[in-house]
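Report on the structure
Here is what each chain is made of, one letter per residue.
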Amino acid sequence: MTDPTAVHFISGLPRSGSTLLSTLLRQNPMFMSAVTSPVLDLYTTVLRQLGAASEFASFFSDDRRARILKGLMRDYHAPGPEQVVFDTARLWTRHLALIDTLFPDARIICCVRDVPWIMDSVERMLHRNPLQTSAIFEHMAGLSIANRTLSLMEQSKGFIGAPWSGLREAWFGPFARKLIIIPYESLANRPKETLDRLYACLGAAAFAHRFDGLESGEAEYDARLGMPGLHDVRSRVSLVPRQSVLPPELISKYAGASFWRDGSDNPGGAAIL
């Protein structure tokens, strides 16, 4: 086990291609990537124990805190020689100052999609699993679609709202230059071009990815969420046209949430692929 050659982060919005991206990236033997990671939760817990709330706070300098946190990243992923780590969590975008301190060369890859289409995807997952109650809605059955969309967009802990607010904070914050935005349509319609551009942003050597015969899934993790199939990936990368199952008024209500589409309002110079 060695220190990773580089550490980058996969974040952004749910149901927007991060599982597909992770599946593609780990075809490259020099990359380590998974659909999700507990490292951010570990950081949150450990920082609390190293901080002012702990009776042992005086034993920890900032240098020691940094060594511990970087060690957690290394020891969890256990990379091989010269491997690059991609750690995945929806809320890394709320911690860009920490990332910049620990891993100053890191980039945060944010998969995004228009919010109504994310809601549509969630609704379709519910339709596929009518005998389940989802942790996304705190295992509450019988909610209306209007109530479900409100819950999804709650900004402190909503399935969409929390990462959306984190991404917006990062977009307008002082570390926006670290962001690489990958719209779902780009990855699904033009996977080779999108990955080539991503590799260029990361300064990584080119790699010949394949875009069919894909296999990915986290059956046990999805079952615990009450959403079987949540992290399944189709065998071939493609964008499948469909009619939304959302009522028109809900589509209209959230149509303006895709702030990254406004090319004139990118003050930090985030890269958009």
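In this report, we go over the structure that sits alongside the text. Predicted model only: the values in this text are computed from it and were never measured. (Residues numbered from 1 in each chain as written. Predicted model: local features only at pLDDT ≥ 70, side-chain atom pairs only at ≥ 80, totals over all residues. Heavy atoms only, no water.)

Some words on the overall build of the chain
Selection criterion: For helices the rule is a DSSP run of H or I covering at least 4 residues; for strands it is a run of E covering at least 2, with both sets numbered from the N terminus onward. For a compact globule the rule gives 2.2 Å times the number of residues to the power 0.38, and the radius of gyration it is set against comes from C-alpha atoms. Note on classification: 1.4 Å probe, protein chains only; a residue is buried when its accessible area is under 20% of the maximum for its type, exposed when over 50%, partly exposed between these limits. Contacts were defined at the residue level, with two residues in contact if any of their heavy atoms lie within 4.5 Å. For the area figures, the Shrake-Rupley method with a 1.4 Å probe applies, and any residue is considered shielded solely by the protein chains shown.
The number of helices and strands found in the chain is eleven helices and six strands. Taken over the C-alpha trace, the chain has a radius of gyration of 19 Å; the compact-globule value for 273 residues is 19 Å, and the two agree within 12%. Seen through its principal axes, the chain has C-alpha atoms that stretch 55 × 45 × 40 Å. Counting all 273 residues of the chain, 47% fall into the buried class. Counting only contacts in the chain whose residues sit at least 6 apart along the sequence, the fraction spanning at least 24 positions is 76%. Roughly 13,500 Å² of accessible area belongs to the chain as shown, and the carbon and sulfur atoms make up 53% of that amount.

Digging into the packing of helix α5 (residues 115–128) against helix α6 (residues 145–152)
Angle between the axes and distance between the axes are the two parameters that describe a pair of packed helices. This is how it is decided: Fitted lines through C-alpha atoms give the axes, limited to the stretch in contact for helices. The angle between two N-to-C directions lies from 0 to 180 degrees. Here the word oblique covers every angle except those under 35 degrees (roughly parallel), over 145 (roughly antiparallel) and from 65 to 115 (roughly perpendicular). For a crossing to be left-handed, the near helix must be turned anticlockwise from the far one by less than a right angle; the clockwise case is right-handed.
At a minimum axis distance of 11 Å, the contact between α5 and α6 shows a crossing angle of 120 degrees. The pairing of α5 with α6 is recorded here as oblique in orientation. Between α5 and α6 lies a crossing of right-handed hand. For the pair α5 and α6, contact is made by M119, V122, E123 and L126 and by I145, R148, T149 and L152, respectively.

Some details on the sheet that holds strand β6 (residues 271–272)
The cut-off we apply is this: DSSP bridges decide pairing: two strands pair if at least two such bridges lie between them.
Spatial strand order, β2-β3-β1-β4-β5-β6: six strands in an open sheet with parallel pairing. Each end of this open sheet is capped by a strand with a single partner; those strands are β2 (31–33) and β6. Both strand β1 (residues 6–12) and strand β4 (residues 108–112) contribute to a ladder of four bridges, which runs parallel. Each residue of the ladder has a partner; that of I10, found in β4, is I109.

A few points about the state of the cysteines
Using the following cut-off: Cysteine sulfur pairs qualify as disulfides if the two atoms are within 2.5 Å.
With the rule as written, the count across this model stands at zero disulfides. Free of any disulfide, C201 has its nearest neighbouring cysteine sulfur in C110, separated by 12 Å.

Quick notes on the pattern of salt bridges
So the rule is basically this: Any Lys or Arg side-chain nitrogen found within 4 Å of a carboxyl oxygen on Asp or Glu counts as a salt bridge.
Taken as a whole, this structure holds 13 salt bridges when the rule is applied. Where D100 meets R177, a salt bridge forms, and the shortest distance between an N and an O atom there is 3.5 Å. A residue pair is termed long-range when its members are at least 10 positions apart, and D100 in helix α4 (residues 96–102) and R177 in the loop between α7 (161–171) and β5 (179–183) qualify at 77 residues. One salt bridge connects E193 with R190, and the closest N-O pair in it is separated by 3.7 Å. Given the relative accessible area of 38%, R190 is considered partly exposed.

Examining the packing of aromatic side chains
The test is simple: For this analysis, a ring pair means two rings from Phe, Tyr or Trp (six-membered ring only for Trp) whose centres lie within 6.5 Å, classed as stacked if their planes differ by under 30 degrees, edge-to-face if by over 60, and tilted for the remaining angles. Criterion for a charge above a ring: Lys NZ or Arg CZ within 6 Å of the ring centre, and within 35 degrees of the ring normal.
Enumeration over the complete set of coordinates arrives at ten aromatic pairs. Relative to F259, the ring of W171 lies with its centre 5.7 Å away and its plane at 70 degrees, an arrangement referred to as edge-to-face. Note that W171 is positioned in helix α7 and F259 in the loop between α11 (248–254) and β6, a separation of 88 residues in sequence. The same class applies to W171 and to F259, which are both buried. Through a chain of ring-to-ring contacts, three or more aromatic side chains come together here, namely W164, W171, F172, F259 and W260. The ring of F259 carries R168 above its face, with NZ or CZ at 5.2 Å from the centroid.

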